[in-house]
Amino acid sequence: MDEGMPPAHRRFLPRPGPALRAGGRVAAIYALAGALWILFSDRFLARLVVDPGQWIELQTYKGWVFVAVTALLLAWLVTRLVNRLYEKHYQIQRLNRTHRLLSSINGTIVRVRDRDELLRTACELAVRRGGYQFARILLSPAPGEPPVLAGQVLPAGLDAGWSAPPLSVPGRGNESTEAIHLQDLENLGGQPAWRQLADQAGLRSLAALPIPDWAKGVAARGWLELGSGTAKQFDAAELELLREIAADIGLGLETIDKSASLDALAHFDPLTGLPNEALLRDRMQQAVARASHDKRVVGLLLADVPELIRLNDLHGSQVGDRLRKEVADFLGEAIRDGDTVARTGRYSFAVLLADMARSEDMVELAERLLRGPEVCIEGEELPIRLALRGGVALFPTDSAQGEQLSRHAALALHNNTRGPGTCAFYSPDMNQIAQSRLRVAHGLEHAIEREELELHYQMLVDAQNREPRGAEALLRWESARYGKISPAEFIPIAEEGEVIHPIGDWVLQQACRQLRHWMDEGIEHFHVSVNVATPQLQREGFAAHLREIMERNGVLPIASALAIEVTETAFMNDLDRAEQVLTEVRDLGVQVYLDDFGTGFSSLSYLSRLPVDVLKIDRAFIHDLPDDARAGSLVRAIIALAHSLGLKVIAEGVETREQADWLQARGCDLLQGFLYSRPVPAADMEMANVRHRHAFRARRS
Ligand code: C2E
Ligand code: MG
Ligand code: MG
């Protein structure tokens with residue numbers, strides 16, 4: 001029956017040995033008292049009385065006295081015994097209560113997932129279930145730091161503002177990890193706050209039990225302090241149980257900490273502390289459900305930070321991480337309570353506006369958010385603004401469900417071609433645009449076999465004497481189904497899929513064949529440049545592949561007549577890798593042109609690191625020449641910088657003689673534009689080129 005009983009209780013059960021001993025002790029005392037009486041009472045009487053008549057009378061009195069004395073003795077013995085039994089019974093009751101407390105606290109530990117709730121409930125249980133008048137838990141915020149209040153229940157009659165340092169025994173200090181128990185509060189003279197507890201609330205005994213830190217193996221991460229109105233409340237058995245309770249609280253705390261960190265890992269980005277995509281999805285669904293009930297608007301802004309990609313590559317991931325945090329802080333400060341900023345990718349964030357009155361609120365906020373923070377970076381002279389490129393979708397205007405909202409916002413972001421600092425709002429025709437992109441991508445897959453592709457060439461001339469020096473190969477696609485489609489439209493679509501690779505190979509192959517042909521015709525000092533898309537460059541073994549195509553077309557011996565044109569996006573994802581690939585390309589003898597310079601991240605500071613031979617200034621800058629002073633000074637600066645780095649400069653989009661003359665005067669090396677030639681088929685190009693040579697020869701002769 002007593003199998004399941006804790007060992008601390010078992011020793012209070014009636015056992016035959018001690019009971020027999022107690023009974024024997026009473027009988028022995030009684031027998032001793034009786035024997036002494038028989039031995040000495042008659043002798044004593046004989047000394048006092050000589051008269052036999054009196055003697056008989058006194059014998060009777062003596063009998064009465066005997067009865068009275070033994071009755072008193074028996075009463076004393078039985079009272080003592082019963083007192084002892086009561087004491088034991090009370091002790092069992094107390095232990096039972098403590099045991100109940102232990103199991104309630106264990107129940108709480110299993111049930112409660114919140115740290116504060118666990119500590120608060122433990123204190124409340126200690127008073128309600130455990131019968132203590134005072135319970136307090138103190139925890140160290142970090143190892144080695146003094147413990148601070150984490151939860152308490154104060155006894156009636158004490159000021160609500162009562163506080164006291166951790167319980168300690170004078171002279172022993174509270175850094176000890178031994179349990180402390182003060183049975184009569186005599187030793188608290190030096191601690192007025194604790195004295196107050198004794199005087200005002202009538203507490204008589206106190207105990208403090210260490211709460212261990214199981215994870216770190218520290219004996220005390222805090223203390224459980226208990227107070228009782230009964231003096232000498234805490235005996236060894238009770239302290240043993242209480243120590244168990246404190247240890248279980250430690251275990252409960254550890255479980256909560258562990259599951260909190262698991263929870264955090266599952267829902268939060270460890271770097272920025274922002275919710276991750278999973279939590280965002282959750283909140284989005286809740287927001288949509290609430291908004292449809294309350295007739296409110298929900299907005300989702302998805303945004304990336306293109307500048308962050310470049311800075312991360314340029315300065316390393318440590319700086320990159322700091323900048324990510326700055327963007328996270330900036331967004332976090334810009335939103336209201338109840339809205340959510342989440343990190344959705346390496347360079348992307350999301351802002352969920354959960355409760356708006358009108359869609360227009362989103363416009364205002366998006367404008368503010370997309371500006372991004374201004375950051376200072378070592379090695380950069382001026383602060384840099386990390387502007388965001390955004391896409392927005394709204395509920396209920398654009399989307400009927402949470403899932404749709406994020407798909408539509410992603411589509412809007414995808415369609416935002418205006419770059420950082422701008423935002424595209426989802427519109428239903430974006431779906432159509434996406435559909436037509438799909439159709440274009442599908443058409444492209446068959447363009448080679450249907451012979452719908454053609455390579456045109458646009459001439460480049462020497463800025464000084466306007467002599468032809470080379471040509472850029474530009475792809476043309478005339479689809480049987482959709483007609484002529486501009487490369488500015490279909491190349492980005494091709495780049496999104498795998499189809500860019502066969503198309504890129506086809507272009508390289510055609511250009512090499514044409515170059516070989518021109519060289520065979522005796523044309524000298526003439527370059528052909530071919531546009532190479534970033535995914536082509538990033539593909540494993542690009543240089544080896546290029547070499548193979550060159551070899552197949554007999555271009556290896558004249559490699560220096562071939563150039564590839566790459567854009568700055570090639571360097572954005574992985575600067576080191578792009579550097580390596582381009583170095584391999586240059587090792588083949590092929591030149592590298594940096595195309596559309598000025599439209600990308602426009603940082604001149606790292607240009608010296610890039611393995612390129614020629615800068616092609618984007619036609620957007622040339623367009624405004626020579627009247628626009630800003631464009632003028634920019635182009636001048638680019639030419640000067642490129643020359644100082646030993647690079648040549650090509651100006652794209654030269655359409656007027658004034659532009660050509662201005663560029664010539666500023667030292668630009670080569671000119672390309674409609675002024676000299678539109679992109680034309682190779683056959684037309686050949687003729688034009690030959691004519692130039694004839695004219696040149698004629699002038700010389
Ligand atoms: P890009 O490499 O910067 O090519 C120059 C673009 O500027 C060409 O447009 C050309 O027709 C245009 N252009 C040249 N001179 C002038 C001018 O004086 N005024 C104006 N307004 N425009 C001029 P295109 O052929 O439409 O090509 C557009 C872009 O498509 C190219 O820009 C290039 O990035 C890409 N592209 C073209 N062919 C290929 C290719 O074979 N492979 C890859 N990856 N991209 C290509
Ligand atoms: Mg180009
Ligand atoms: Mg260009």
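Here the structure is a predicted model, which means the values were calculated and not measured.

Caption draft 1: The overall build of the chain, seen in detail. Scanning the chain from terminus to terminus reveals 21 helices and 22 strands. Looking at the chain as a whole, 46% of its 701 residues qualify as buried. The contacts in the chain between residues at least 6 apart in sequence include a share of 65% that link residues at least 24 apart. Carbon and sulfur atoms form 54% of the exposed surface of the chain, whose accessible area is close to 35,900 Å².

Caption draft 2: Quick look at the coordination of the magnesium ion (ligand 3). Every protein donor of the magnesium ion (ligand 3) is listed here as Asp-595 (OD), Asp-596 (OD), Glu-652 (OE) and Glu-652 (OE), and their distances to the metal cover 1.9 to 2.6 Å. Sequence spacing among the residues donating to the magnesium ion (ligand 3) works out to D-D-x55-E. Between the two metals, the magnesium ion (ligand 3) and the magnesium ion (ligand 2), the spacing is 4.0 Å, and Asp-595 donates to both. Here Glu-652 lies in the loop between strand 20 (648-651) and helix 20 (657-665) and Asp-596 lies in strand 18 (residues 591-597), a separation of 56 residues in the sequence. The class of Glu-652 is buried, set by a relative accessible area of 8%.

Caption draft 3: Spatial organisation of a nonpolar patch on the surface. On the surface, Tyr-30, Leu-74, Val-78, Val-82 and Tyr-86 cluster together into a nonpolar patch covering about 460 Å² of accessible area. Mapped onto the elements, Tyr-86 comes out in helix 3 (residues 52-111). Here Tyr-86 falls in the exposed class, since its relative accessible area comes to 57%.

Caption draft 4: Representation of the pattern of salt bridges within the structure. One pass over the full model with this rule turns up 23 salt bridges. For Arg-221, the salt bridge goes to Asp-213, with nearest N and O atoms at 3.7 Å. Residues Arg-221 and Asp-213 agree in their burial class; the two are buried. The shortest N-O distance in the salt bridge between Arg-343 and Asp-269 comes to 3.0 Å. Highlighted residues: Arg-343 in strand 7 (residues 340-343) and Asp-269 in the loop between helix 6 (236-267) and helix 7 (277-294), separated in sequence by 74 residues. A relative accessible area of 13% places Arg-343 in the buried class. What makes Asp-269 buried here is its relative accessible area of 13%. Counted as one network, the salt bridges with shared partners bring together Glu-472, Glu-565, Lys-616 and Glu-652.

Caption draft 5: Region of interest: the coordination of the magnesium ion (ligand 2). Listed as protein donors to the magnesium ion (ligand 2) are Glu-472 (OE), Asn-531 (OD1), Glu-565 (OE) and Asp-595 (OD); their distances from the metal cover 2.0 to 2.3 Å. Read in sequence order, the donor residues for the magnesium ion (ligand 2) give the motif E-x58-N-x33-E-x29-D. Judged by relative accessible area, Asn-531 falls into the partly exposed class, the value being 28%. On the basis of relative accessible area, Asp-595 is assigned to the buried category, the value being 5%.

Caption draft 6: Representation of the site of ligand 1 in the model. Taken together, 22 residues sit near ligand 1, with Arg-476, Asp-595, Arg-619, Glu-655 and Phe-674 positioned nearest. A distance of 2.8 Å is found between an oxygen atom of ligand 1 and a side-chain nitrogen or oxygen belonging to Asp-595. Here ligand 1 loses 84% of its free accessible area of 790 Å² to cover by the protein chains. For the shell around ligand 1, the secondary-structure elements that each account for two or more residues are strand 14 (468-479), helix 13 (487-496) and strand 18. Per element, the largest residue contribution to the shell around ligand 1 is four residues, and it comes from strand 14. Per-class residue counts for the shell around ligand 1 are ten nonpolar, four polar and eight charged.

Caption draft 7: Representation of the packing of aromatic side chains. As enumerated under the stated definition, the model contains eight aromatic pairs in all. Their ring planes at 75° and their centres at 5.5 Å tell us that Trp-518 and Phe-526 sit as a pair that is edge-to-face. For the pair shown, Trp-518 and Phe-526 are each scored as buried. One aromatic cluster is present, formed by Phe-134, Trp-162 and Trp-194 through successive ring pairs.

Caption draft 8: Seen up close, the nonpolar core. Tyr-457, Ile-564, Leu-663 and Leu-671 are the most contacted members of the largest nonpolar core, which has 85 residues in total. Tyr-347, Phe-349, Leu-369 and Leu-386 belong to the second-largest nonpolar core, a separate cluster that totals 33 residues.

Caption draft 9: Quick peek at the confidence of the model for the chain. When pLDDT is averaged along the chain, the result is 83; 89% of the residues meet or exceed 70. Mean pLDDT values over the elements of the chain span from 51, in helix 1 (residues 7-10), up to 97, in strand 21 (residues 670-672). Contacts for the low-pLDDT stretch residues 687-701, under 50 throughout, to residues beyond four places or in other chains number eleven contacts.

Caption draft 10: Representation of a positive patch on the surface. Taken together, the side chains of Arg-21, Arg-25, Arg-80, Arg-84 and Lys-88 present a region of like positive charge at the surface. For the positive patch, the elements supplying multiple residues, two or more each, are helix 2 (16-48) and helix 3. At three residues, the largest contribution of residues to the positive patch is made by helix 3. Within the secondary structure, Arg-21 is located in helix 2.

Caption draft 11: Representation of the environment of Arg-343 in the model. Between the C-alpha atoms of Arg-343 and Leu-271, which are 72 residues apart in sequence, the distance is 9.6 Å. If we ignore the near neighbours within four places in the chain, the residues touching Arg-343 are Asp-269, Leu-271, Thr-272, Leu-274, Pro-275, Asn-276, Glu-277, Arg-324, Ser-348 and Phe-349. Within the structure, the side chain of Arg-343 is placed 3.4 Å from the backbone oxygen of Arg-346, a separation counted as a polar contact.

Caption draft 12: Region of the structure containing the packing of helix 16 (residues 542-552) against helix 17 (residues 575-587). Packing of helix 16 against helix 17 brings their axes to within 9 Å, and their N-to-C directions diverge by 25°. Classified by the angle between their axes, helix 16 and helix 17 sit roughly parallel to one another. Considering the relative orientation of helix 16 and helix 17, their crossing is right-handed. Contacts from Phe-542, Ala-543 and Leu-546 in helix 16 reach Val-581, Glu-584 and Val-585 in helix 17. Grouping the constituent residues of the contact of helix 16 with helix 17 by class yields five nonpolar, no polar and one charged.

Cut-offs and rules
Residues numbered from 1 in each chain as written. Chains lettered and ligands numbered in written order. Predicted model: local features only at pLDDT ≥ 70, side-chain atom pairs only at ≥ 80, totals over all residues. Heavy atoms only, no water. Helix = DSSP H or I, 4+ residues; strand = E, 2+ residues; numbered from the N terminus. Buried < 20%, exposed > 50% of the residue type's maximum accessible area, 1.4 Å probe, protein only. Contact = heavy atoms within 4.5 Å. Areas by Shrake-Rupley, 256 points an atom, 1.4 Å probe, with all protein chains shown as cover. Donors = N, O, S within 2.8 Å, 3.2 Å for Na, K, Ca; no water. Patch = residues over 30% accessible without salt bridge, like charges linked within 9 Å, V, L, I, M, F, W, Y side chains within 5 Å. Salt bridge = Lys/Arg side-chain N within 4 Å of Asp/Glu carboxyl O. Near = heavy atom within 4 Å. Polar contact = N/O pair within 3.5 Å; in protein donor to acceptor, adjacent residues only side chain to side chain. Nonpolar A, V, L, I, M, F, W, Y, C, P; charged D, E, K, R; others polar. Phe/Tyr/Trp six-rings, centres within 6.5 Å; stacked < 30°, edge-to-face > 60°. Core = buried A, V, L, I, M, F, W, Y, C linked by side-chain atoms within 4.5 Å. pLDDT = per-residue confidence, 0-100. Lys, Arg positive; Asp, Glu negative; His and termini not counted. Charge placed at Lys NZ, Arg CZ, Asp CG, Glu CD. Axes fitted to C-alpha atoms, helices over the stretch in contact; angles between N-to-C directions. Parallel < 35°, antiparallel > 145°, perpendicular 65-115°, else oblique. Left-handed = near helix turned anticlockwise from the far one by under 90°.

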